[in-house]
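Architecture at a glance
This is what each chain is made of:
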Amino acid sequence: MRDAELGVELTRHRSAGRPFAVVDVSLRDFQALNDRIGRAAGDTVLTALAGFLTAHASAGATVARLDGDRFSVLLPSSDAEAAERFVARVRASMPSHAGRQELVLTSGVATYPVDGDHDEPLVIAAADRWRSDEGAPTTGRTDGAESPWTLVMTGHELAPPPELPRRVNRRDLAADPLIWRSIGGAFLLYSVVIGAAQMITGELAGTGFAPAVTAAALCAFWMLASGPPKIGTWRNHVAIASAYVLPFGAMLAATPNASWAVSTAFLAPLLTVVRLTDRRQIAAHLAMPPVLCLGLAASGQVDQASIVACLALSVNTWVLGICTAVVFEAAEAQWQEIEGLVLRDPLTGAGNRDLLAQRLAEELPRHDQLQMSLAFLELDLIGFADLVRRDGRGAANHVLRDTALVISGVVGPTATVSRIGGSTFRILLPLADLDDLSPERTEDLLAGLRNAIASTSRRDRHVLPRIGVAMYPEDATDARTLEAVAASRRRADDPYAHEVPAADIGLHGRANVA
């Protein structure tokens, strides 16, 4: 937002010949403030600071949060003196302490046209002066006494996180037990209806009718008794194939009057699109019902009504399958766009705290139903605060972006990676059973994270990851306890664990050294 508004304001002030100011503002040692008063109280401090900036800015000003505790303010028709007066008013309005932690506001000011006549020089000048500013304690009272934070919290309550509709994702739909059992119920209903039709009139059935009905009933009971298979497994492809193999068997059993059995194959395209995400696999499965039906029609064993029904099924399979796939892909793309706007960390592109909470709320009940394990990792960077002080916020931001990319590359696309604040990341690995998260894979995962993140070191200052892992349901069965267990194991993690041989790294990310 800041960059877009900056371009507009520069164009407007350049044509009018008026000055324009860019102010970068942040709280010194905000991470220490969070550690002392807690993240919830720290969020309240940031909300109140945003309120002060907005209240004291001139009409038409833009207040934007860049990342963490850093804000940028665009002040129209303002020179350097006016910008400094603005910062002084903000400092004077804030309390001097939050809890027992001193509040120190740091700022950097750049003006057009003195410091530059384009957006990039202005942004760089403001950031450089912000980094070099030692800051001054805020002076919310003129009598020298500390003004308690409670005096300014009124009217600055945190906005509730936006409520989003349920995430549309075919992987989630494929793992939904209710949908899976509904499919099994459809197969059972088909077998019951066909059996009833046979009792009413025997002309509908051929010699192979009884085995076809029995096979459909057995398939239905298998689906009702078992959990949904994962996408990409052979069980999943068998389940999809049964949606057109069993109807084809019913058509053969009912020859020459096969037209009544054609309707049982209309489940095939829906099941194919819901349980697959790869377009090539979808096309291969959608091609099978028309091939089988047209082969049966060309064999000469069915009557004319059955031939017409087979032709209609061939067309409808592709039309229904393609339309359903387009709808699912559009819904998934739209949800990802909404997720990117609301549930993503703008600096790293990883998820934020709200996304992690939403995924935990979705995944824990699902894993309870499936009786499968889930892994919860917490990762923090040792030496990150020193990197910020010595190399500046820009270099530290590059490290955070690289770290998010490294984590996403190691854990894979099905995991949820979230940056919850500062240099702390949390990772959710769904459906992590003993095969998916074996000790060998866990060992490679943790060692890969450590080695990749350690490569972001700057000269003689190393950024080292601490990692803690909690497993559901072995370690905890609720979100809060999972977070607490992972955090405690992360704090117990050896800061130099990346130097320990990979074979000595345990399941929960702690170095097994004496």
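In case you missed it, the structure is sitting above this.
Below or above, wherever it landed, is the structure these notes cover. (Residues numbered from 1 in each chain as written. Predicted model: local features only at pLDDT ≥ 70, side-chain atom pairs only at ≥ 80, totals over all residues. Heavy atoms only, no water.)

**Quick look at helix α12 (residues 279-298)**
Spelled out, the test is: A run of H or I in DSSP counts as a helix once it spans at least four residues, and a run of E counts as a strand once it spans at least two, with each numbered from the N terminus. In this scheme, a helix's expected span is set at 1.5 Å multiplied by one less than its residue total. Under the scheme applied here, a residue whose accessible area is under 20% of the maximum for its type counts as buried, over 50% as exposed, and between as partly exposed, the area being computed with a 1.4 Å probe on protein chains only. Whenever two N or O atoms come within 3.5 Å, that pair is a polar contact, provided that in protein one can donate a hydrogen and the other can accept it, and provided that, for residues adjacent in sequence, both atoms are side-chain atoms.
Compared with an ideal rise of 1.5 Å per residue, which puts 20 residues at 28 Å, α12 spans 29 Å between its outermost C-alpha atoms and is within 8% of the ideal. The set of residues buried in α12 consists of I282, H285, L286, P289, P290, C293, L296 and A297. One side-chain oxygen at the N-terminal end of α12 lies 2.9 Å from the backbone nitrogen of R280; it belongs to D278.

**Quick look at the nonpolar core**
How we decide: Definition used in this section: a nonpolar core is a set of buried Ala, Val, Leu, Ile, Met, Phe, Trp, Tyr and Cys residues joined via side-chain atoms within 4.5 Å.
Residues V23, L49, L53, L75, F86, V90 and M94 are the most contacted members of the largest nonpolar core, which totals 25 residues. At the level of elements, β1 (20-27), α2 (30-37), α3 (39-56), β3 (70-76), α4 (80-93) and β6 (104-112) are the ones that each hand at least two residues to this core. Residue contributions to this core peak at 6 residues, all from α3.

**Let's talk about the packing of helix α9 (residues 234-254) against α12**
We apply this condition: Simply put, an axis is a line fit to the C-alpha atoms, just over the touching stretch for a helix, and the angle between two N-to-C directions goes from 0 to 180 degrees. In what follows, roughly perpendicular refers to angles from 65 to 115 degrees, roughly parallel to angles under 35, roughly antiparallel to angles over 145, and oblique to any angle outside these ranges. Here a residue-residue contact requires only that any non-hydrogen atoms of the pair lie within 4.5 Å. Any residue that is not Ala, Val, Leu, Ile, Met, Phe, Trp, Tyr, Cys, Pro, Asp, Glu, Lys or Arg is counted as polar, Gly included; the first ten are nonpolar and the last four charged.
Between α9 and α12, the shortest axis-to-axis distance is 10 Å and the interhelical angle comes to 10 degrees. Between α9 and α12, the interaxial angle falls into the category roughly parallel. Listed contacts from α12 to H237, I240, A241, Y244, F248, M251 and L252 of α9 are Q281, H285, M288, P289, L292, C293 and L296. Its residues assigned to classes, the contact of α9 with α12 comprises 11 nonpolar, 3 polar and no charged.

**So, helix α18 (residues 479-492)**
With 14 residues, α18 extends 20 Å between its outermost C-alpha atoms, agreeing within 8% with the 20 Å of an ideal straight helix rising 1.5 Å per residue. Of the positions making up α18, those classed as buried are L482, V485, A486, A487, R489 and R490. In the core, the buried residues of α18 are packed alongside α14 (353-370), β8 (374-382) and β11 (464-472).

**Structural notes on empty space enclosed by the protein**
The cut-off we apply is this: Any residue with an atom within 4 Å of a point lines the site, the site being either a cavity, points on a 1 Å grid over the protein atoms alone where a 1.4 Å probe fits but cannot get out, or a pocket, an open set with protein on both sides within 12 Å along at least 5 of 7 lines. Grid points are joined across faces, edges and corners, and a volume is the space filled by probe spheres set on the points.
This structure, assessed with the given rule, holds 1 cavity of 30 Å³ or more. A volume near 110 Å³ is recorded for the largest cavity. Looking at the lining of the largest cavity, the elements that each hand over two or more residues are α7 (177-200), α8 (209-225) and α9. Here the lining of the largest cavity gets 4 residues from one element, more than from any other, and that element is α8. The residue inventory of the lining of the largest cavity, partitioned by class, reads 10 nonpolar, 1 polar and no charged.

**Describing the sheet that holds strand β10 (residues 424-429)**
Our working definition: Paired strands, in this sense, are two strands between which DSSP finds at least two bridges.
Strand order in the open sheet formed by 4 strands is β9-β10-β8-β11, with antiparallel pairing between adjacent strands. The open sheet terminates on both sides in strands that have one partner only, identified here as β9 (416-421) and β11. When strand polarity is set aside, the average angle formed by the axes of neighbouring strands in this sheet is 20 degrees. One ladder, built from 5 bridges, connects β8 with β10; its direction is antiparallel. Its bridge partner lying in β10, F376 is registered against L428. Contacting β8, β9, β10 and β11, α14 runs over the sheet at an angle of about 135 degrees to β9.

**A few points about the pairing of β9**
A large share of β9 lies buried, amounting to 6 of its 6 residues. Here β9 pairs with β10 via 5 bridges, running antiparallel. Along β10, the bridge assignment pairs T416 with L428. Counted along the chain from β9 to the antiparallel partner β10, the turn is 2 residues long, and its residue G422 has a positive phi close to 60 degrees.

**Things to note about the packing of aromatic side chains**
What counts is decided by this rule: Pairs were defined over the aromatic rings of Phe, Tyr and Trp, the Trp ring being its six-membered one, requiring ring centres within 6.5 Å. Orientation was assigned from the angle between planes: stacked under 30 degrees, edge-to-face over 60, tilted for the rest.
This structure, assessed with the given rule, holds 1 aromatic pair. Residues W180 and W222 carry aromatic rings whose centres are separated by 5.8 Å and whose planes lie at 85 degrees to one another, so their mutual orientation is edge-to-face. One end of the pair, W180, is in helix α7; the other, W222, is in helix α8, with 42 residues separating them in the sequence. Judged by its relative accessible area of 0%, W180 falls in the buried class. Among the residues examined, W222 registers a relative accessible area of 29% and is labelled partly exposed.

**With respect to the environment of G422**
Mapped onto the elements of the fold, G422 is located in the loop between β9 and β10. The exposure class of G422 is partly exposed, given its relative accessible area of 23%. Counting along the chain gives 388 residues from G422 to N34, while the straight-line C-alpha distance between them is 9.5 Å. Look past the residues within four positions of G422 in its chain and what remains in contact with it is Q31 and L400.

**Some points on the pattern of salt bridges**
The test is simple: Between Lys or Arg on one side and Asp or Glu on the other, a salt bridge is scored when a side-chain nitrogen of the former is within 4 Å of a carboxyl oxygen of the latter.
Enumeration over the complete set of coordinates arrives at 11 salt bridges. When the shortest N-O distance is used, the salt bridge between R280 and D278 registers 3.3 Å. For D278, a relative accessible area of 24% puts it in the partly exposed group. When the shortest N-O distance is used, the salt bridge between R279 and E329 registers 2.7 Å.

**Some remarks on the environment of G42**
Tracing the chain through its elements places G42 in helix α3. For G42, a relative accessible area of 0% translates into the label buried. For G42, the residues in contact, after removing those within four places along its chain, are F30, N34 and I37.

**Digging into the side chain of T317**
Considering the arrangement of structural elements, one finds T317 in helix α13 (residues 304-342). Within polar-contact distance, the side chain of T317 engages the backbone oxygen of L313 at 2.7 Å. Once residues lying within four places of it in the same chain are set aside, the contact partners of T317 are P269, L286, P289 and P290.

**Re the packing of α3 against α4**
Condition: Crossings are classed by handedness, with left-handed meaning an anticlockwise turn of the near helix from the far one by less than a right angle and right-handed meaning a clockwise turn.
Where α3 meets α4, the axes come as close as 10 Å, and the angle between the chain directions of the two elements is 135 degrees. Our classification of the angle between α3 and α4 gives oblique. Helix-helix and strand crossings are classified by hand; for α3 and α4 the assignment is right-handed. Counting all contacts with α3, which are made through L49, F52, L53 and H56, the residues of α4 involved are F86, R89, V90 and S93. Grouping the amino acids of the contact of α3 with α4 by side-chain chemistry returns 5 nonpolar, 2 polar and 1 charged.

Fair warning: the whole summary comes from geometry, so function is off the table for now.
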